[in-house]
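# Close look at the chain arrangement
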Amino acid sequence: MRVTLLGATGSIGTSALEVISKNQDTLTLYAAACGSNVEGMLGIITRFHPQKVALASVEACQRLKAELKNLKGPLPEVLEGEKGICELAADPEGDYVIAAIVGAAGLKPVLAAADRGALIGLANKEALVMSGALFFERLHKGMAQVFPIDSEHSAIFQCLPEECQLNLGSCDLEKAGVHHILLTGSGGPFRTTPLEDLNKVSAKEALHHPIWSMGPKITIDSATMMNKGLEYIEARYLFNAREDQMEVIIHPQSVVHSMVSYKDGAILAQMGAPDMKTPIARALAYPKRILSNVEPLDFSSLGTLSFSKPDYKRYPCLKLAMEASRLGQAVTTALNAANEIAVGAFLKEQISYLGIYKVVAKVVEALDNLKAGSLEEILETDRKARDRALAILATGERF
Ligand code: NAD
Ligand code: MG
């Protein structure tokens, strides 16, 4: 199978390349895309020889082309900008598209993959948070198929019966005997930090996740649990779950990746080492199993597994995202956009850790009459929310 890897130089992209290299008899890298990481892309070209590559930054494309002149052997075609990345996603030569671009930038490429009926491994949760209903409409129309890569959603997927796995977006949980979904989250690095000390948290501290090694944006989202909020929205779309069919639960060891509770009292959990190569391998090989280079859990040395309810005073972003989910697509799109701006500002030390919630909440409160029926409306809502967040940051008020 020929794989098109979007977000190839990132944390998920790198793990996906490891899975591909472990399964060279069945998987090859057909095409790769990233934002502006020329060095990372050069490394991928020399190791995996993709036929096509695309970079979002036109300036980085020029640099890559200059570097390629020094390489021998077959060279890839280089495509430029978001348009080039969408072209890669739409190219039918790539049987399977891994959507692992971070943030809203991944939306158009994933829709392009859906339109042409690709098999899609979805890591880019922000795309689904923005486009949920539209994504599944385009997926069904294009006769594409999606497999979740986000570890919790991969776990839920694995605990559901085939009738649900093959009907993501429109499956009937009740008919499948499901009582509810238990979405687990580690609680991040500040799970036990006294609440009054959270205002002193630095970006460096927040970037140090106790369990998972991930890209910077999702690592900050994991600390605030906005990540779990986005995953809650993602899960509701993927598994067509009502609010009363969802429960979020803190599980600091991240060994149970999520669970499904059935009406007969049985609860199925998917467990494993916290390593994204397992859900990537699951998504790529479904319904088969392939090597992922992840060691199985050693239960004799596991120790205690603990579970607790999330405290919304500690994680107000989680609550905000769950409320946004109730209010619908336009609000989740605005929430996601405002969060991207706020997390960016926190990483640049322009706002405090607690400021992330304040900025996002202000944006969501301030905007009304938002629409998100069509792609144009979604992009307009995304832009309005970003503009609003930037305007709030520019007031000089301290967040
Ligand atoms: P990352 O920051 O490590 O990598 C992001 C990738 O996207 C890079 O290849 C980067 O070049 C590319 N990119 C950035 N801006 C771009 C743009 N404008 N156009 C095209 N490409 C662009 O992020 P990550 O941790 O690998 O996460 C990727 C996605 O997967 C996110 O949506 C994240 O929520 C999701 N995810 C990640 C993990 C994880 O363990 N890292 C787990 C679950 C879900
Ligand atoms: Mg996750």
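Residues numbered from 1 in each chain as written. Chains lettered and ligands numbered in written order. Predicted model: local features only at pLDDT ≥ 70, side-chain atom pairs only at ≥ 80, totals over all residues. Heavy atoms only, no water.

### Considering the coordination of the magnesium ion (ligand 2)
To keep it simple, the criterion reads: For Na, K and Ca the donor cut-off is 3.2 Å; for every other metal, N, O and S atoms count as donors within 2.8 Å. Water does not enter the count, which can leave sites looking incomplete. Helical segments are the DSSP runs of H or I of at least four residues, strand segments are the runs of E of at least two, and each set is numbered from the N terminus.
Distances from the magnesium ion (ligand 2) to its protein donors, namely D150 (OD), E152 (OE) and E231 (OE), fall within the range 2.1 to 2.2 Å. Of note, the donors binding the magnesium ion (ligand 2) are all from one chain and are spaced D-x1-E-x78-E. Of this pair, E152 sits in helix α7 (residues 151-159) while E231 sits in helix α11 (residues 226-238); the two residues are 79 residues apart in sequence, bridging distant segments of the chain.

### Some details on the pairing of strand β2 (residues 28-34)
For the record, the criterion: Exposed residues in this analysis have more than 50% of their type's maximum accessible area, buried residues have under 20%, and partly exposed residues fall in between, with area computed by a 1.4 Å probe over protein chains only. The pairing criterion is simple: DSSP has to find at least two bridges between the two strands. Seen with its strands pointing away from the viewer, a crossover is right-handed if its path from the first strand over the helix to the second goes clockwise.
For β2, the tally of buried residues reaches six of seven residues, placing the bulk of the element in the interior. Here strand β1 (residues 2-6) runs beside β2; their pairing, made up of five bridges, is parallel. Note that in β2 the partner of T4 across the bridge is A31. Considered for its hand, the β-α-β crossover made up of β1, helix α1 (residues 11-22) and β2 is right-handed. With four bridges connecting them, β2 and strand β3 (residues 52-55) associate as parallel partners. Bridged to A31 within β3 is K52. For the crossover that starts at β2, traverses helix α2 (residues 38-48) and ends in the parallel β3, the hand is right-handed.

### Side note on the packing of aromatic side chains
How two aromatic rings sit relative to each other is given by the distance of their centres and the angle of their planes. As a reminder, the rule being used: Side-chain rings of Phe, Tyr and Trp, where Trp is taken by its six-membered ring, are said to pair if the distance between their centres is within 6.5 Å; with planes under 30 degrees apart they count as stacked, over 60 as edge-to-face, and otherwise as tilted. In this scheme, Lys NZ or Arg CZ marks a charge over a ring once it lies within 6 Å of the ring centre and within 35 degrees of the ring normal.
What the rule picks out here adds up to seven aromatic pairs. Taking the centre distance of 5.4 Å and the plane angle of 40 degrees together, the rings of F147 and Y286 count as tilted. Taken as a pair, F147 in strand β7 (residues 145-148) and Y286 in the loop between α12 (277-285) and α13 (316-327) lie far apart in primary sequence, 139 residues in all. Note on accessibility: F147 and Y286 belong to one class, buried. Residues F190 and Y353 carry aromatic rings whose centres are separated by 5.2 Å and whose planes lie at 75 degrees to one another, so their mutual orientation is edge-to-face. Of the two residues, F190 is situated in the loop between β8 (178-185) and α9 (203-206) and Y353 in helix α15 (residues 353-366); the sequence distance between them amounts to 163 residues. Judged on exposure class, the residue F190 and its partner Y353 are both buried. Taking the ring centre of Y312 as reference, the NZ or CZ of K319 above it sits at 5.9 Å.

### A few points about the side chain of R386
Note the cut-off: Contacts are assigned to residue pairs that have any heavy atoms within 4.5 Å of one another.
Relative to the elements of secondary structure, R386 occurs in helix α16 (residues 375-394). Those residues in contact with R386 that sit more than four places away from it in its chain are A104, A337, E340 and I341.

### A closer look at the domain arrangement of the protein
So the rule is basically this: Residue ranges labeled as domains rest on an automatic or database domain assignment. Each of two parts loses accessible area, computed with a 1.4 Å probe, when they are put together; buried area is these two losses added. Salt bridges, as used here, are contacts in which a Lys or Arg side-chain nitrogen is within 4 Å of a carboxyl oxygen on Asp or Glu. Pairs of N or O atoms within 3.5 Å make up the polar contacts considered here, provided that, within protein, one atom can donate a hydrogen while the other can accept it, and that residues adjacent in sequence are counted only when both atoms are side-chain atoms.
Each assigned domain of the protein is listed with its residue range as follows: domain 1 (2-148), domain 2 (159-301) and domain 3 (328-394). Relative to domain 2, the C-alpha centre of domain 1 lies at a distance of 24 Å. With 25 residues of domain 1 at the contact, the number on the domain 2 side is 27 residues. It is V19, K125 and V129 in domain 1 that bury the most area against domain 2; as a group they hold 23% of the surface buried on that side. Between E126 and K217 there is a salt bridge, with its nearest N and O atoms 2.9 Å apart. For the pair domain 1 and domain 2, the number of links is five residue pairs in polar contact (both at pLDDT 80 or more). Taken together, the elements giving at least two residues each to the side of domain 1 that touches domain 2 come down to α1, β5 (96-99), α6 (125-141) and β7. Broken down by element, the side of domain 1 that touches domain 2 gets its largest block of residues, eight residues, from α6.

### Considerations on the environment of S352
In this fold, S352 is placed in the loop between α14 (329-347) and α15. Through-space distance from the C-alpha of S352 to that of D172 is 42 Å; in sequence the pair is 180 residues apart.

### What to know about the packing of α11 against α13
Threshold: Axis lines are fitted to C-alpha atoms, over the contacting stretch for helices. Their N-to-C directions set the angle, which ranges from 0 to 180 degrees. Our angle categories are set so that under 35 degrees counts as roughly parallel, over 145 as roughly antiparallel, 65 to 115 as roughly perpendicular, and the remainder as oblique. Helix crossings get a hand from a simple test, with the near helix turned counterclockwise from the far one by less than a right angle marking a left-handed crossing and a clockwise turn marking a right-handed one. Any residue outside Ala, Val, Leu, Ile, Met, Phe, Trp, Tyr, Cys, Pro, Asp, Glu, Lys and Arg is labelled polar, Gly included; the first ten of those are nonpolar and the last four are charged.
α13 packs onto α11 with a crossing angle of 25 degrees between their chain directions and a minimal axis gap of 7 Å. In terms of their interaxial angle, α11 and α13 are classed as roughly parallel. With respect to the hand of their crossing, α11 and α13 are arranged in right-handed fashion. Here M226, K228, G229, L230, Y232, I233 and R236 of α11 come into contact with α13, specifically with C317, L318, A321, M322, S325 and R326. Partitioning the contact of α11 with α13 into residue classes produces eight nonpolar, two polar and three charged.

### Here we look at the environment of Y262
Inspection of the secondary structure puts Y262 in strand β10 (residues 256-262). Look at Y262 and you get buried, because its relative accessible area is 14%. C-alpha separation for the pair Y262 and V129, spaced 133 residues apart in sequence, amounts to 26 Å. The contact partners of Y262, leaving out residues within four places of it in the chain, are C159, L160, P161, A176, G177, V178, H179 and L268. At a separation of 2.6 Å, a polar atom in the side chain of Y262 contacts the main-chain carbonyl oxygen of C159.

### A few points about the site of ligand 1
Keep this limit in mind: Distances are taken per atom, and a residue is near a molecule or strand as soon as one of its heavy atoms is within 4 Å of it. To be clear on the numbers: accessible area is Shrake-Rupley with a 1.4 Å probe, and residue cover counts the displayed protein chains and nothing else. Cavities and pockets are defined on a 1 Å grid built over the protein atoms alone: a cavity is a set of grid points where a 1.4 Å probe fits but cannot escape, while a pocket is an open set with protein on both sides within 12 Å along at least five of seven lines, and lining residues are those with an atom within 4 Å of any such point. For a cavity or pocket, the test is whether more than half of a molecule's atoms lie within 2 Å of its grid points; if they do, the molecule sits there.
Residues in close proximity to ligand 1 total 24 residues, the closest being T9, S11, I12, G35 and E126. The backbone of V102 places a nitrogen or oxygen atom 3.5 Å from an oxygen atom of ligand 1. With respect to ligand 1, the backbone of A123 contributes an N or O atom lying 3.4 Å from an oxygen atom. With the chains in place, 85% of the 830 Å² that ligand 1 exposes on its own is no longer accessible. A majority-of-atoms criterion places ligand 1 in the largest pocket. Where the shell around ligand 1 is concerned, the elements lending two or more residues are α1, α6 and α10 (216-224). Within the shell around ligand 1, the residues separate by chemical class into 14 nonpolar, seven polar and three charged.

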